[in-house]
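This is what each chain is made of:
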Amino acid sequence: MTLKSNDVSMRDLIPSSRRSDRVMTFALALILVTASVALVIGIGSDDGYAEAGDTFTVANGDGIDIEYMIKADGSTVQVGTSTVRDVAVDPSVVSVNIPGTVQYNGVTYKVVELGSYAFYGCSSLTSITIPDGLTVIGFNTFEGCTSLKSVDIPDSVTSICGSAFYDCSSLKSVDMSESVMSIGASAFRGCTSLESVAIPDSVATIGASAFEECSSLTSVAIPSSVTDLYQEAFRGCKSLKSVEISDGLKYISSSVFVGCTSLESIVMPSSVTKIYDSAFAGCESLESIVIPSGVKEIGNYAFSGCTSLGTVAIPSSVTVIGYGPFDYCTSLTRIDVDSGNANYVSKDGVLFDKEMTTLIQFPASRGGAYAIPSGVTTIGANAFSGCKSLETVTIPDGMTIIGMYAFEDCVSLTSVTIPSTVTSISPSAFNGVCNGNSAAAGATVGHVFDNEYDAECNNGCGYIRDVPGQPGGDDPGVTPGGDDDTPDVPGGDDDTPDAEPEGEGSSNSTLWLAAIIGVIVVIAAILLIVKSRREI
C-alpha cells in the first residue's frame, strides 16, 4: 500500500517539474526578447533625438560644413561650440553664408548665435553673411580674421560680445543695427583699418578697450543712450580728430581717450560729473577744453601731456582734483578757477587749494623764476612736472612737504632754495632733473636728500647735498582732493567667455535604458543558474 502511494506521488511530481521548467524557459525567453527590443528602441531614439549641448555638422547652401550646438531651449542652435579656439568651419574658408535655420535628423533649428571662437583665426575669411534672427555675436568670434573687410550686422542682433572682432586689421566698416544694446570689451580692438563707426542710439554700454588702437578712426559720436563708457574705450586712436558726446553720460572713464594724439576737439555734455584718471592724457593736439559746470571730480593726470592746451577753466562745481591733472601741458599758460568754487583758487594762473596751503599745479609753459607765495606748506605731487623752462624756484619758510615727482623733468632748473622747515621730500621729487645733461646737474640747494638711495631715485642727483641735522623723508606728499589710488571706475566687460557648455555624446534617456537592460540581464543570469542547479 505504501509503495503504490509513493509511485503515484512520483508520477505527479515529474509533470509538475517539467511544467515549472517550461514556465522558467518561457520567462527567460521573454526577458531576453524584452531586453533586445528595449536596446533597439534606445539606440534608435538616441539617433533621432538631440539634447542641449549636443553638436552636429551640416553643410550650408554653398557646401561648406558648419558645426552647430543645440542651446538650452532645445529649439535653437549656435554656430560653434564656444570651446576655446574650437573653430566651427575649415580655418581656410574664404566666404561663409550662415543660414537662418538648419535641419538635423528631421528637426529644424533656428540659428540665434555665433558662438565664441566660431571663426577664430580664419585669416583668409573676407566676407560673412549673418542671417536676420541672430541675436548674439559671441566672445572672440572673429578674432584674428585679418582679411575680413566689412560686416553687416542685422537688425536682430542685440549684443556684440568682448573681442568679437579683435585684431580684424582689414575691417574698414561696420554697419550696426538700431537693436544693438552693448558693445563688449575689446570688441573692435586692433581694427587698424576701421575708418568710421556709427554707434546706434540703442547702445547703452561701450566696454573697456572696445575701439582701442583703431588707428584709422577719425571721428566718433556717442549717442545719449550710452550710460557706460568704460576705460580705454578709444585708447590709442591716433587719427581720431573729433569726439561728440551726447547728453546722458555721467562720467569719462580712466584713460578712455589716452594717446589720441590727433584729437583737436571734444564736446562733453552737462550730464558729466566725473573725469577720471588720465582720461585725456597724451591728447597732444587738444587746444581747448570746456569742463562742464556739473563736473565734481577731476582725476589724477586727467589732461597730462596735452601739449597744445593753452588755458583751462575750473568750474565752481569741482570739489576734487587729483595730482598732476595738467602736468606736462607744455603750452599751458594759466589755470583759472571760478570765483564761486569753495575748494580751489587760482593765483596768477597757478592752481592752489582754497586756503592756499597746497600748490597743486603750475602751468608747464611758464619759465624763468617763480616764488611760491608765503603760507604754502605743501608742494603737491607733480606740481611742477614737465616745466622745462623753469629756472629758479624760491620756497618760503614754513614749507614742510615736497611731494612725489614735484619737479620731475624740470631740466632748466638751476636753483632751488629749500628752507629748513621742510621735513619731508619724496625720493622722486627731482626725478629727471639731475640727469647729467640738465642745467641742475651742478646745482646746490639747501636740503634735499638724507641718503644715497634717495639720490638714486632722483636719477643720481649726487650734487645736491643734505644739510646736516635736517630731517629727510620719503613722504609722497598730499594733494588735497587727490587720491593716490585709482578712482572706483565701473569696470568693463570681461573678455573671457562664459563657462563653456561641455555637451555629452549620449542622452540621459540612453543611460537609463542601459541601466535597466543591465538589471534585466542580471535577473536572467540568476534564473539560468537556478535552472541549471535544478537539472543537476
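J.: Could you give an account of the overall build of the chain, with specific residues and numbers?
T.: Looking only at helices and strands, the chain features three helices and 33 strands. Taking all 536 residues of the chain together, 46% fall into the buried category. In the chain, 38% of the contacts between residues at least 6 apart in sequence involve partners at least 24 apart. If you sum the accessible surface of the chain, you get close to 23600 Å²; carbon and sulfur atoms cover 52% of it.

J.: For the state of the cysteines, give the residues involved together with the corresponding values.
T.: Tallied over the entire structure, the rule returns zero disulfides. Unpaired in this structure, cysteine 191 has its nearest cysteine sulfur neighbour in cysteine 168, at a distance of 5.1 Å. Using a relative accessible area of 0% as the deciding quantity, one classes cysteine 191 as buried. Residue cysteine 387 stays outside any disulfide, its sulfur separated by 5.0 Å from that of cysteine 410, the closest cysteine. What makes cysteine 387 buried here is its relative accessible area of 0%.

J.: Could you give an account of the environment of threonine 57, with specific residues and numbers?
T.: With respect to the secondary-structure elements, threonine 57 resides in strand 1 (residues 55–59). Residues threonine 57 and methionine 69, twelve residues apart in the sequence, show an inter-C-alpha distance of 8.8 Å. Those residues within four positions of threonine 57 in sequence are excluded, and the remaining contacts are Asp65, Ile66 and Glu67.

J.: Would you mind going over a negative patch on the surface in detail, with residue names and values included?
T.: Where like charges cluster on the molecular surface, the negative patch consists of Asp132, Asp152, Asp155, Asp175, Glu178 and Asp201. Along the chain, aspartate 155 falls in the loop between strand 9 (150–152) and strand 10 (159–160).

J.: Requested: an account of the pairing of strand 2 (residues 65–70), with residues and values cited.
T.: The buried fraction of strand 2 is high, at five of six residues. Across five bridges, strand 1 lies against strand 2 in antiparallel orientation. By the bridge assignment, threonine 55 is partnered in strand 2 with methionine 69. If you look at the hairpin formed by strand 1 and strand 2, you'll find five residues sitting between the two strands, and glycine 63 has a positive phi there, around 80°. With three bridges connecting them, strand 2 and strand 3 (residues 76–79) associate as antiparallel partners. Residue pairing in the sheet places isoleucine 70 in a bridge with valine 77 of strand 3. What sits between the antiparallel neighbours strand 2 and strand 3 is a turn of five residues, in which glycine 74 has the positive phi angle 80°.

J.: Requested: an account of unusual backbone geometry, with residues and values cited.
T.: Unlike most non-glycine residues, serine 82 shows phi in positive territory, near 65°. Assignment of secondary structure puts serine 82 in the loop between strand 3 and strand 4 (95–97).

J.: Break down the pattern of salt bridges for me, with residues and values.
T.: Two side chains that carry opposite charge are able to pair once their charged atoms sit near each other. All chains considered together, the criterion is met by five salt bridges. A salt bridge links glutamate 232 to arginine 235, with the shortest nitrogen-to-oxygen separation between them at 3.0 Å. Owing to a relative accessible area of 31%, arginine 235 belongs among the partly exposed residues under this scheme. Arginine 334 is paired through a salt bridge with aspartate 336; the nearest N and O atoms lie 2.8 Å apart.

J.: Please give an account of the nonpolar core that cites residues and values.
T.: Core analysis: the biggest nonpolar cluster contains 98 residues, and Phe119, Phe165, Phe257 and Phe280 have the highest contact counts within it. Put simply, the parts of the chain that give this core at least two residues each are strand 1, strand 2, strand 3, strand 6 (107–114), strand 15 (219–222), strand 17 (242–245), strand 22 (311–314) and strand 24 (334–337). Leaving out residues up to four positions away in the same chain, phenylalanine 119 has contacts with Val79, Val87, Val89, Val96, Ile98, Leu114, Leu125, Ile128, Thr141, Phe142, Glu143 and Cys145. In this structure, Met399, Leu413, Ile418 and Val433 belong to the second largest nonpolar core, which totals 28 residues.

J.: Can you tell me about the sheet that holds strand 27 (residues 358–361), naming the residues and giving the values?
T.: Reading across the sheet, the six strands line up as 25-26-27-29-31-33 and stay open at both edges, with mixed pairing between neighbours. Only two strands of the sheet have a single partner each, and these edge strands are strand 25 (344–347) and strand 33 (424–425).

J.: So, the sheet that holds strand 9: which residues are in play, and what are the values?
T.: In space, the three strands of this open sheet follow the order 9-11-13, with parallel pairing throughout. With partners counted over all chains shown, the strands left at the sheet margins are strand 9 and strand 13 (196–197), one partner each. With two bridges joining them, strand 11 (residues 173–175) and strand 13 adopt parallel strand pairing. Looking at the pairing, valine 174 lines up with valine 197 of strand 13.

J.: Break down the environment of isoleucine 425 for me, citing the residues and quoting the values.
T.: Tracing the backbone shows isoleucine 425 in strand 33. Given a relative accessible area of 2%, isoleucine 425 falls into the buried group. C-alpha of isoleucine 425 to C-alpha of tyrosine 405: the two residues are 20 residues apart in sequence and 9.9 Å apart in space.

J.: Before we move on, could you go through the pairing of strand 15 and cite the residues and values that matter?
T.: With burial as the criterion, only one face of strand 15 is covered, namely that bearing Val220 and Ile222; the residues Ser219 and Ala221 on the opposite face remain uncovered. In this sheet, strand 17 lies alongside strand 15 in parallel orientation, the contact comprising four bridges. Note that in strand 17 the partner of alanine 221 across the bridge is glutamate 244.

J.: For the packing of aromatic side chains, give the residues involved together with the corresponding values.
T.: Enumeration over the complete set of coordinates arrives at 20 aromatic pairs. Ring centres 5.2 Å apart and planes at 5° place the aromatic pair phenylalanine 119 and phenylalanine 142 in the stacked group. One end of the pair, phenylalanine 119, is in the loop between strand 6 and strand 7 (127–129); the other, phenylalanine 142, is in the loop between strand 8 (136–137) and strand 9, and 23 residues separate them in sequence. Across the pair, exposure class does not vary: phenylalanine 119 and phenylalanine 142 are buried alike.

J.: Tell me about the side chain of serine 177, residues and numbers included.
T.: Counting through the fold element by element, serine 177 comes out in the loop between strand 11 and strand 12 (182–183). Within polar-contact distance, the side chain of serine 177 engages the side chain of serine 179 at 2.8 Å. Residue contacts for serine 177: discarding those within four places in its chain leaves Ile153, Pro154, Asp155, Val157, Pro200 and Ser202.

Conventions adopted
- Residues numbered from 1 in each chain as written.
- Predicted model: local features only at pLDDT ≥ 70, side-chain atom pairs only at ≥ 80, totals over all residues.
- Heavy atoms only, no water.
- Helix = DSSP H or I, 4+ residues; strand = E, 2+ residues; numbered from the N terminus.
- Buried < 20%, exposed > 50% of the residue type's maximum accessible area, 1.4 Å probe, protein only.
- Contact = heavy atoms within 4.5 Å.
- Areas by Shrake-Rupley, 256 points an atom, 1.4 Å probe, with all protein chains shown as cover.
- Disulfide = S-S within 2.5 Å.
- Patch = residues over 30% accessible without salt bridge, like charges linked within 9 Å, V, L, I, M, F, W, Y side chains within 5 Å.
- Salt bridge = Lys/Arg side-chain N within 4 Å of Asp/Glu carboxyl O.
- Lys, Arg positive; Asp, Glu negative; His and termini not counted.
- Charge placed at Lys NZ, Arg CZ, Asp CG, Glu CD.
- Pairing = 2+ DSSP bridges.
- Core = buried A, V, L, I, M, F, W, Y, C linked by side-chain atoms within 4.5 Å.
- Phe/Tyr/Trp six-rings, centres within 6.5 Å; stacked < 30°, edge-to-face > 60°.
- Polar contact = N/O pair within 3.5 Å; in protein donor to acceptor, adjacent residues only side chain to side chain.

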